[in-house]
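Listed here are the chains, written in short residue letters.
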Amino acid sequence: MRQEQFEALYGERWQAFEDWLAHRELPRRKRQQQPAPLPSASVPRHYREICRHLALARARDYGTALVARLHRLAVAGHDVLYGAASGFWTRALAYLGGGFAADVRVLKTFVLVSALLLTVPYAAIGIATRLDPDFAYLVLPPERVWEFEEMYSTNTEHLGRTRDAGTDVQMFGFYIYNNIGIAFRCYAGGALAGLGSAAALLSNGVFMGAAEGRIVAKGYGENFYSFVVGHSAFELFAIVLSGACGLRLGWALIAPGRRSRAQALKQAAHATAGVMAGAAVMLLIAAGIEAFWSPIRFAPAIKYSVGIGLISAVAAYFLFAGRTHADR
């Protein structure tokens, strides 16, 4: 949608919200004499719509004047609706309640490209390694191959861990460190015109495909899948989102529009900050599941049922949470 069409479609709504804010600034006596431009019950809905339109304007690289106007309305609306009593955690929970999903949908093209960059090499290398298990040695060092076989063998005490692995708490810290590191590379690589992000996604896909193919080819597939099914939805999608945000940064450098590349990059970084914060929360959840639930040797049917439930919950959240008029 062109900016002119966007403004024509929603301009009256923005003006009504702006008039409502101006009405709030009138002296009390004048406010009582003049009817409010918006009914009180509809103000929160208009505010959420303003926030949604701001995210869309940033993602679509609309003009700086429009973005600045919507940002001003969003900030002013927040101050009126929530006031000083609304602290960080209140705003964070409100964002995770729907704003996160809405911002992800704005980036859907970049999310799709990021997912393909991760899953295509993942599937290709995984198939090649299942057909020839020794293909894994072309991708992974021998010690890593042996380590993976030990982690998922029938003799291992805790799934997904070597014999000298630490406690659950220690592994929780390790998983956070490892996952955040991967996500950061996928995101920060966007500063190289998106090439760094693409390379990080491709390399992770190759690594995961080789590891999974080798483990399954050795006959440890049930152990492997019962381990990863619980946390995979949170971890893999968070990595995809990090890559999508990195690609968004790269696109700002490639096609800055009517702005300088520095301005476009700054605006893209601001537009993706919330998604990256949400991805960090997802990685934290994934690390908790991977450390405290995934290694336990429950019946595979139980592990699969829990995993499918979590995957369904994540999918439903990103498909339906935070829906507004602008999504339709």
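From a predicted model like this one, the values you see are computed outputs, not experimental measurements.

Chemist: When you look at the nonpolar core in this model, what are you seeing that I'm missing?
Modeler: Generally speaking, a soluble globular protein has its nonpolar side chains buried in company with each other. Phe-100, Val-104, Val-111, Leu-241, Val-275, Met-282 and Phe-318 are the most contacted members of the largest nonpolar core, which has 38 residues in total. Secondary-structure elements contributing two or more residues to this core are α5 (88–106), α6 (108–131), α8 (168–188), α9 (195–217), α11 (232–254), α12 (261–292) and α13 (300–320). Ranked by residue count, the leading element in this core is α11, at 11 residues. Apart from the residues within four sequence positions on either side, Val-104 is in contact with Val-111, Phe-237, Leu-241, Val-275 and Phe-318.

Chemist: What exactly am I supposed to notice about α6 here?
Modeler: Since one α-helical turn is 3.6 residues long, residues separated by three or four positions face the same way. End to end, α6 covers 34 Å across 24 residues, agreeing with the expected 34 Å (1.5 Å per residue, within 8%). Of all the residues in α6, the buried ones are Phe-110, Val-111, Ser-114, Leu-117, Leu-118, Pro-121, Ile-125, Gly-126 and Thr-129.

Chemist: Would you mind showing me how to read the packing of aromatic side chains here?
Modeler: The geometry of an aromatic ring pair comes down to the distance between the two centres and the angle between the two planes. Following the criterion strictly, the structure yields 16 aromatic pairs and no others. Both rings, one in Phe-6 and one in Tyr-62, keep their centres 5.2 Å apart while their planes meet at 45 degrees; by these two values the pair is tilted. Residue Phe-6 is located in helix α1 (residues 3–24), and its partner Tyr-62 is located in the loop between α3 (43–59) and α4 (64–82); the two are separated by 56 residues in the primary sequence. Each member of the pair Phe-6 and Tyr-62 is classed as buried. An aromatic cluster is built from Tyr-95, Phe-100, Phe-237, Tyr-317 and Phe-318, whose rings are joined through pairwise contacts. Cation over ring: Lys-303 sits above Trp-293, and NZ or CZ is 5.8 Å from the ring centre.

Chemist: How do you make sense of the side chain of Gln-267 when you look at a structure like this?
Modeler: Mapped onto the secondary structure, Gln-267 falls in helix α12. Discounting chain neighbours no more than four positions away, the residues touching Gln-267 are Arg-58, Asp-61, Tyr-62, Thr-64, Val-67 and Arg-259.

Chemist: Just checking my understanding: could you explain the pattern of salt bridges for this structure?
Modeler: Side chains that differ in sign of charge can pair as their charged atoms come close. Counting across every chain of the model gives 8 salt bridges. Each of Glu-18, Arg-69 and Arg-72 takes part in a single network of salt bridges with overlapping partners.

Chemist: What is the right way to look at the packing of helix α10 (residues 221–228) against α13 in this model?
Modeler: To describe two helices that pack against each other, one gives the angle between their axes and the distance between the axes. Between α10 and α13, whose axes approach to 8 Å, the crossing angle comes to 35 degrees. The hand of the α10/α13 crossing is left-handed. Residues Glu-222, Tyr-225 and Ser-226 of α10 touch α13, and the partners they reach there are Pro-300, Lys-303 and Tyr-304. Broken down by class, the residue content of the contact of α10 with α13 amounts to 3 nonpolar, 1 polar and 2 charged.

Chemist: How should the state of the cysteines be read in this particular structure?
Modeler: Disulfide: a covalent bond connecting the sulfur atoms of a pair of cysteines. Evaluated as defined, the whole model comprises 0 disulfides. In this model Cys-51 remains outside any disulfide bridge; the closest cysteine sulfur is found in Cys-245, 18 Å from its own. In this structure Cys-51 comes out as partly exposed when scored by relative accessible area, which is 29%. Among the cysteines around Cys-186, which has no disulfide bond, Cys-245 carries the closest sulfur, lying 11 Å off.

Chemist: Looking at this structure, I do not really get unusual backbone geometry. What am I missing?
Modeler: Glycine aside, negative phi is the norm for most residues, and most peptide bonds take the trans geometry. In this structure, Asp-61 is a non-glycine residue whose phi angle is positive, near 60 degrees. Position of Asp-61 among the secondary structure elements: in the loop between α3 and α4. A positive phi angle, near 55 degrees, is found at Ala-193, a position not held by glycine. Relative to the elements of secondary structure, Ala-193 occurs in the loop between α8 and α9.

Chemist: Could you clarify how one ought to interpret α8 in this entry?
Modeler: Its 21 residues give α8 an end-to-end C-alpha distance of 30 Å, which sits within 8% of 30 Å, the value for a rise of 1.5 Å per residue. Every buried residue of α8 is listed here: Met-171, Tyr-175, Asn-179, Ile-182, Ala-183, Cys-186 and Tyr-187. Looking down the long axis of α8, one finds its buried residues gathered within 130 degrees of arc, a one-sided arrangement. The outward face of α8, more than 90 degrees from its buried face, is lined by the exposed residues Val-169, Gln-170, Tyr-177 and Phe-184. Looking at the buried side of α8, the elements it contacts are α9, α10, α11 and α12.

Chemist: Explain the environment of Ala-299 to me, please; I cannot follow it from the model alone.
Modeler: Residue placement: Ala-299 occurs in the loop between α12 and α13. When its relative accessible area of 40% is taken as the criterion, Ala-299 is described as partly exposed. Linking Ala-299 and Met-208, residues 91 residues apart in sequence, is a C-alpha distance of 24 Å.

Chemist: What am I meant to see in the packing of α6 against α9 here?
Modeler: The interhelical angle for the contact between α6 and α9, taken along N-to-C directions, is 30 degrees, at an axis separation of 7 Å. Here α6 lies roughly parallel to α9, going by the angle between them. Crossing angle aside, the handedness with which α6 passes α9 is right-handed.

Chemist: Any chance you could explain a nonpolar patch on the surface here in plain terms?
Modeler: A cluster of nonpolar side chains, contributed by Leu-93, Leu-96, Val-281 and Ile-285, occupies part of the molecular surface with about 310 Å² of accessible area. Structurally, Ile-285 is set in helix α12. Under the relative-accessibility criterion, Ile-285 is labelled partly exposed at 36%.

About the criteria used
- Residues numbered from 1 in each chain as written.
- Predicted model: local features only at pLDDT ≥ 70, side-chain atom pairs only at ≥ 80, totals over all residues.
- Heavy atoms only, no water.
- Core = buried A, V, L, I, M, F, W, Y, C linked by side-chain atoms within 4.5 Å.
- Buried < 20%, exposed > 50% of the residue type's maximum accessible area, 1.4 Å probe, protein only.
- Helix = DSSP H or I, 4+ residues; strand = E, 2+ residues; numbered from the N terminus.
- Contact = heavy atoms within 4.5 Å.
- Expected span 1.5 Å × (residues − 1).
- Phe/Tyr/Trp six-rings, centres within 6.5 Å; stacked < 30°, edge-to-face > 60°.
- Lys NZ or Arg CZ within 6 Å of the ring centre and 35° of its normal.
- Salt bridge = Lys/Arg side-chain N within 4 Å of Asp/Glu carboxyl O.
- Axes fitted to C-alpha atoms, helices over the stretch in contact; angles between N-to-C directions.
- Left-handed = near helix turned anticlockwise from the far one by under 90°.
- Nonpolar A, V, L, I, M, F, W, Y, C, P; charged D, E, K, R; others polar.
- Disulfide = S-S within 2.5 Å.
- Arc of directions from axis to C-beta.
- Parallel < 35°, antiparallel > 145°, perpendicular 65-115°, else oblique.
- Patch = residues over 30% accessible without salt bridge, like charges linked within 9 Å, V, L, I, M, F, W, Y side chains within 5 Å.
- Areas by Shrake-Rupley, 256 points an atom, 1.4 Å probe, with all protein chains shown as cover.

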